[in-house]
Amino acid sequence: MKKDNKKVIYWLLTGCLLIFVMVVVGGITRLTHSGLSISNYKLISGTIPPMNDLEWQEAFDLYKQYPEYQKLNNQFSLQDFKDIYFWEWLHRVIGRFIGLVFLLPFLYFLITKQLSKSTIKKAIILLCMGAFQGFLGWYMVKSGLVDNPDVSHYRLAAHLTTAFLTFAYTFWVALDLIYPDKKQINKSFRNLVRFGFIVLIIQIIYGAFVAGLDAGFIHNHWPMMNEGKFIHETVYIEQSPVYKNFIEGKSGVQFIHRTLAYIVVLFIFLIWKNSKKINLTLLQSKGIKALIIIVGIQFALGVFTILLQVPVWLGVMHQVGAFFLLSAMTFTLHRFSK
């Protein structure tokens, strides 16, 4: 039987699609403040939501024992609780489903010897990344169940970034199988794309910081952070030492996120400009064109998300834009790698 056949490719691409759906639902969960609605973790029985009034009341009573209800949502009715419960439940169910979609076909392909040794190693890495992602999800939720009725923005960033990286690696492995041919490589240009990829990942991390700190609800002006003031005049010193303002302060975190947006655009512009000096294959050219188009859309989404004070639909679209931008960057880097 042929190894690394089309079935294997479809399996990997299905995983990519499901991770994308997972990230979208996770974004809605965060923006609707639904992430702490389920305060316990039951791997099997937790798949089934409350099915009758008694079970719903028991779930609501459990929610009442934790800081989010006691400090923020003590006016909630049972229906309000059901609304936020849905998104967190759906997010967790999709996570479990992704685990099965990765694990069961992998075992089937392994038993039927449809995977090469190289793909087996990569698939094991993917499984480990997926398991770690699930752990980070619960680790994140735990941080909002003690005193502070909100999750740690550091843990949120770790959870989100791992999801993005898991997607990128899954997509990379699929690309290895779709395009097994050798690529035309320019090492200096490849390094430029690599730096662009790294900057984009840092920007995604800061996007998670902004989400975790609700930092998008302040400084709702552009291009200045405050109306009539230059951007560098609006970073308020809230904490000491000063560097903490740029990893824990709302103003400083939004300032870094905005600044990185310009840097990401600059890197992609440099990638496009330098690509004019080398001979490109058709796929390399398409990857760079996709970068230019998507980064423009993503930048515009970021501006309007700030100006409109983060409506849920626009916040989700901005996160989706980051996902597509990472996809284009991964594809482009793959086309310039060995």
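Conventions used here
Residues numbered from 1 in each chain as written. Predicted model: local features only at pLDDT ≥ 70, side-chain atom pairs only at ≥ 80, totals over all residues. Heavy atoms only, no water. Core = buried A, V, L, I, M, F, W, Y, C linked by side-chain atoms within 4.5 Å. Buried < 20%, exposed > 50% of the residue type's maximum accessible area, 1.4 Å probe, protein only. Helix = DSSP H or I, 4+ residues; strand = E, 2+ residues; numbered from the N terminus. Contact = heavy atoms within 4.5 Å. Expected span 1.5 Å × (residues − 1). Phe/Tyr/Trp six-rings, centres within 6.5 Å; stacked < 30°, edge-to-face > 60°. Axes fitted to C-alpha atoms, helices over the stretch in contact; angles between N-to-C directions. Parallel < 35°, antiparallel > 145°, perpendicular 65-115°, else oblique. Left-handed = near helix turned anticlockwise from the far one by under 90°. Nonpolar A, V, L, I, M, F, W, Y, C, P; charged D, E, K, R; others polar.

As for the nonpolar core
Looking at soluble globular proteins, one finds that nonpolar side chains tend to be buried together.
Link 1 in the chain: Counting residues in each nonpolar core, the largest one holds 66 residues, and the members touching the most others are W11, L12, F164, I271, L325, L326 and M329.
Link 2 in the chain: At the level of elements, helix 1 (6–31), helix 4 (78–111), helix 5 (117–142), helix 6 (153–178), helix 7 (187–213), helix 8 (250–275), helix 9 (282–307) and helix 10 (312–335) are the ones that each hand at least two residues to this core.
Link 3 in the chain: Per element, the largest residue contribution to this core is 13 residues, and it comes from helix 7.
Link 4 in the chain: Among all residues touching W11, those that are not within four sequence positions of it are V101, F102, P105, F106, F109 and A123.
Link 5 in the chain: In terms of nonpolar packing, the next biggest core, distinct from the first, is built from 11 residues, W56, A59, Y63 and W89 among them.

Some thoughts on the side chain of T170
Link 1 in the chain: Locating T170 in the fold gives a position in helix 6.
Link 2 in the chain: For T170, a relative accessible area of 0% puts it in the buried group.

A look at helix 7
Link 1 in the chain: Compared with the 39 Å implied by 1.5 Å per residue over 27 residues, the 39 Å span of helix 7 between its first and last C-alpha is a close match.
Link 2 in the chain: Looking one or two places after helix 7, you find D214, whose phi comes out positive at around 55°.

With respect to the packing of aromatic side chains
Link 1 in the chain: With the rule as written, the count across this model stands at 29 aromatic pairs.
Link 2 in the chain: Plain terms: the ring middles of F86 and W87 are 5.0 Å apart, the flat faces sit at 75° to each other, and that makes the pair edge-to-face.
Link 3 in the chain: Look at F86 and you get partly exposed, because its relative accessible area is 40%.
Link 4 in the chain: Between the aromatic rings of F135 and Y139, the centroid separation amounts to 5.7 Å while the plane-to-plane angle is 15°, which identifies the pairing as stacked. Note that F135 and Y139 are positioned in helix 5 at a spacing of four residues, about one turn of the helix.
Link 5 in the chain: Classification of F135 as partly exposed rests on a relative accessible area of 47%.

Here we look at the packing of helix 7 against helix 8
Link 1 in the chain: Contact geometry of helix 7 with helix 8 gives a least axis separation of 9 Å together with a crossing angle of 155°. With respect to their mutual orientation, helix 7 and helix 8 come out roughly antiparallel. Viewed along their axes, helix 7 and helix 8 form a crossing whose handedness is left-handed.
Link 2 in the chain: Considered class by class, the residues forming the contact of helix 7 with helix 8 number 20 nonpolar, seven polar and one charged.

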